[in-house]
Structures are given as structure tokens and as C-alpha cells.
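So you can see what is in the structure, the chains are spelled out below.
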Amino acid sequence: MCEIGEIKNLASASREEQTRFIESFDHVLSDMDGVIWTAFKAFPDAPECLTRLKNLGKRITYVTNNTTVQIDEIHRLLQRFEFPGDKPDVVTPSRAYINYLKSLKFSKKLFVIGGKGLKYELKQAGFDLAETSAVPLDETLPALMGALTDDEEVGAVIVDYEINITLMKLQKCLTYLKRPDCLFIIGTADKTLPFPRNGPLIGNHYFVKLLSELSERTPRQMAKPSPDYNRFIVENYSISNPSRVLFIGDSIEEDMKFAGVGGYKKLLVLSGSAKKDDVVRWTRGQDAKPDYYIDNLAALNLILGMAQSRSNRKI
Ligand SMILES: [Mg+2]
């Protein structure tokens, strides 16, 4: 276990150390929720910070676990707030699912627990989705039993975040997962999602656990912190030297663990789920331990601005 206070605030590091840090990476993988924005409202100076990094020659790629909105919409929001980046620079589990299913030449139906954004991406990619009835079931056991018939056309179950998740949808997943040839794929599996008011929101962890236990199946996760999601990024975003890649994230369980899996440098921001207490009392092991933490991207922007003016003075 690490000692208290071992993780340094980048803002308190010496100028030389800050410069060494800035020069230590060429590619930034940045989480979105809790890092660049919250509830799709940009944090102050976050667009400027990422633009500065881009102008310094760093490649910027956004890596989120959020599939609730489609990638077109995320791109539109990036543009609206003047963040750098185009559509291909946004990585979501939707992209990883599609890539994986296409690699298998998957042609059966998908049963999806997930939001509109995910369903849109899957349909756009040409996949056939098994529809769930919009009409609530009669609250009787015979009605429930009648509805739980298997559909052998369903070849994969994807469990992601869905606001309208129901007992019936979970039951259907279990029915399909009884067939060993039915793929079991999951996205985010957090216990909770940070939310400014009336939160926390219930995360997918509990639903995934329930389905794994009752089906006695281990799902393939295509979201942070899974190695499969990292493999997708490494193969599709030309990462040849992970030690020259910086991951910026607000979650220890998702982002810092994922950065550990990928062998990336780690910068933890305190503008989302991780709090100061997490960094002063580090108990989570070395793999997920951030190299530095910083309050938010505004503080990083300040450091980048000062480093830039120092190097301009030298010229
Ligand atoms: Mg986040």
C-alpha cells in the first residue's frame, strides 16, 4: 500500500518537472464526462486546454464509456464548445462493439439493453436489433412465462446503460444467454454514475452482476477498464508506444485502471468522480495509481500557458 500524499499535484510540481511532463507524451486519450464537461456542459477553459495540447502537436482522442447519445451528437457538442476533434476522434463502446461483431462476420439479431444512441449506431452499422414490446406486460405469471420464449435468431446480448431497463428485458437476456452460442457483451459496469444533483445514478454493475451470476457466463467487456476496449483503441488509433500516451480521466475505477491496462501515463482530474481524499489516501494499488493529479483542465491550461510563454521567451 502506498503512503499518504504520494501522488503529486501537477500544479505544485517545479517548472522543470511540469515541462518534462508536457514533453513526455505525444498522444492524449481523454475521458469526456467529468473531465471536459458534465451533463454535456463544458468545464471552464477545458476547450482552450485541449486546443493548446493540440497546438503543441499532441494528438487528441476522446475515450468515453457513454453510449447514451450518438457520435454525431457528441461531435456536434465538441464543435459547439470549440473543443478540437472530429468524429473519428471520439471512441465509444458502440464503435468497439461494431468492430468486434464485424470481425466475427456476425449476421444474427442483437438483443440490446442500451440507450437511443447505441441503438442508432448499431442500426447504422447494418445490424438487426431484436425489438422489445413497448406495451407493458400483463402482471400475471402466465403472461410472463408466455413472453419468455427463446428466439434463436438472437445471436448476441449487449448490456449497456439504459434508463428504461426493465425486469422483462433482463429476463429476456437470461433466456438468450442460456444458449452457449449467444454472445454476452457488456459496456460500462460502474456501480454508480456521478451526478450533480439527486444522485448518484445507479450504474450497470448490478445488472451485469445479476446476469453473469444467473447465466453463469463471463461477459466480454468493451468499455473502460477492459483490455478488449484497449486493444480496439491500440489497433485503430495507431498507438505503437503507450509510454508516450497520456490518459486524462476523472474515475479511478474506469480511467486510471484502464490507463494501467494500456501502460499509459496517468493524469487524474478532480472535476468528476474522484475526490481529493482518494489521492491523499491512495489504497488502490500501483496499476491504477496516477502519475499526477490536478484539480481540473483549467488548472492544466494554466500550466500549459505558463510553459508556453517560458519557451517563447527563450526563442
Ligand atoms: Mg468520466
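Predicted, not measured: the structure shown is a model, and the values here were computed from it.

Asker: Tell me about the overall build of the protein, and please be specific about residues and values.
Answerer: Counting secondary structure elements, the protein contains 12 helices and 16 strands. In terms of C-alpha radius of gyration, the protein reaches 21 Å, essentially the compact-globule figure of 20 Å for 315 residues. Overall, the C-alpha framework of the protein stretches about 75 × 40 × 35 Å when taken along its three principal axes. Expressed as a percentage of its 315 residues, the buried residues of the protein come to 41%. Taking as baseline every contact in the protein between residues at least 6 positions apart, the subset at least 24 positions apart corresponds to 70%.

Asker: Mind laying out the sheet that holds strand S7 (residues 109-113), listing which residues take part and the relevant values?
Answerer: Ordered by their spatial adjacency, five strands build an open sheet running S8-S7-S9-S10-S13, and the pairing between neighbours is parallel. A single partner strand is all that each edge strand has here, and the edge strands are strand S8 (128-129) and strand S13 (220-221). As judged from the five bridges shared by S7 and strand S9 (residues 154-159), these two strands associate in the parallel manner. Each bridged residue has a counterpart across the sheet, and for Leu110 the counterpart in S9 is Ala156.

Asker: Break down the UniProt feature "active site" (unreviewed entry) in the protein for me, with residues and values.
Answerer: The sites that UniProt annotates as "active site" (unreviewed entry) are Asp31 and Asp33. Here Asp31 lies in the loop between strand S2 (27-30) and strand S3 (37-38). Looking at Asp31, the number of C-beta atoms within 10 Å reads 24, which means it is buried. When residues no more than four places from it in sequence are discounted, the contact partners of Asp31 are Val63, Thr64, Ile248, Gly249, Asp250 and Asp255. Topologically, Asp33 is positioned in the loop between S2 and S3. On the basis of neighbour counts, which here come to 22 C-beta atoms within 10 Å, the residue Asp33 falls in the buried class.

Asker: Provide a residue-level description of the UniProt feature "binding site: substrate" (unreviewed entry) in the protein, including the pertinent values.
Answerer: Look at the UniProt record and you will see "binding site: substrate" (unreviewed entry) annotated at Lys224. Counting through the fold element by element, Lys224 comes out in the loop between S13 and helix H9 (227-236). C-beta crowding within 10 Å serves as the criterion here: with 31 such atoms nearby, Lys224 is assigned to the buried category. Aside from chain neighbours lying at most four places away, what touches Lys224 is Val63, Asn65, Tyr229, Glu254, Asp255 and Phe258.

Asker: Can you break down the sheet that holds strand S16 (residues 292-294) residue by residue, with the values?
Answerer: For sheets, the rule is that strands pair by backbone hydrogen bonds, running either parallel or antiparallel. With respect to topology, seven strands assemble into an open sheet ordered S1-S16-S15-S14-S2-S5-S6, the strand pairing being parallel. Of all the strands in the sheet, the pair left with one neighbour each is strand S1 (8-9) and strand S6 (90-91). Sheet analysis places strand S5 (residues 59-63) next to S6, joined by two bridges and oriented parallel. By the bridge assignment for S6, Tyr62 is matched with Val90.

Asker: I'd love a proper account of the packing of helix H2 (residues 46-55) against helix H12 (residues 297-314), names of residues and values included.
Answerer: Contact pair H2 / H12: the axes reach a minimum separation of 8 Å and the direction vectors enclose 40°. Between H2 and H12, the angle is such that the two are oblique. Note that H2 runs across H12; the crossing there is left-handed. Across the interface between the two elements, Ala46, Glu48, Cys49, Arg52 and Leu53 from H2 touch Leu297, Leu300, Asn301 and Leu304 from H12.

Asker: Summarise the pairing of S9; cite the residues concerned and give the values.
Answerer: Counting buried positions along S9 gives six out of six residues, so the element sits mostly inside the fold. Across four bridges, S9 lies against strand S10 (residues 183-186) in parallel orientation. Pairing of Val157 across the sheet is with Phe184, part of S10. Since S9 and S10 lie parallel, the crossover through helix H7 (residues 167-177) that links them has a hand, and here it is right-handed.

Asker: Account for the nonpolar core, naming residues and giving values.
Answerer: Judged by nonpolar contacts, the single largest core of 78 residues is most densely connected at Val157, Ile158 and Val159. Among residues more than four places away in sequence, those in contact with Ile158 are Tyr97, Leu110, Val112, Ile113, Gly114 and Ile185.

Scoring rules and cut-offs
- Numbering of residues begins from 1 in every chain and follows the order in which that chain's sequence is written.
- In keeping with the predicted nature of the model, local features appear solely for residues at pLDDT of at least 70, side-chain atom pairs appear and are counted solely at 80 or more, and the whole-chain, interface and lining totals rest on all residues.
- The helix and strand labels rest on DSSP assignments: H or I over at least four residues marks a helix, E over at least two residues marks a strand, and numbering proceeds from the N terminus.
- Computation of the radius of gyration draws on C-alpha atoms alone. For the globule rule, the value is 2.2 Å times the number of residues to the power 0.38.
- Any residue whose C-beta has 12 or fewer other C-beta atoms within 10 Å is treated as exposed, any with 20 or more as buried, and any in between as partly exposed, C-beta atoms being built from the backbone.
- For every residue pair, C-beta atoms are placed from the backbone, and the pair is scored as a contact if these atoms sit within 7 Å.
- If DSSP finds at least two bridges between two strands, the strands pair.
- UniProt positions are given in the numbering used here, feature names are shortened, and annotations may be inferred rather than shown by experiment.
- To get an axis, fit a line to the C-alpha atoms, keeping to the stretch in contact for a helix; angles then go from 0 to 180 degrees between the N-to-C directions.
- Roughly parallel refers to an angle under 35 degrees, roughly antiparallel to one over 145, roughly perpendicular to one between 65 and 115, and oblique to any angle outside these ranges.
- Helix crossings fall into two classes, left-handed where the near helix is turned counterclockwise from the far one by less than a right angle and right-handed where it is turned clockwise.
- For a crossover, the right-handed case is the one in which the path from the first strand over the helix to the second runs clockwise, viewed with the strands pointing away from the viewer.
- For the purposes of this analysis, a nonpolar core is taken to be any set of buried Ala, Val, Leu, Ile, Met, Phe, Trp, Tyr and Cys residues that are connected through C-beta atoms within 7 Å.

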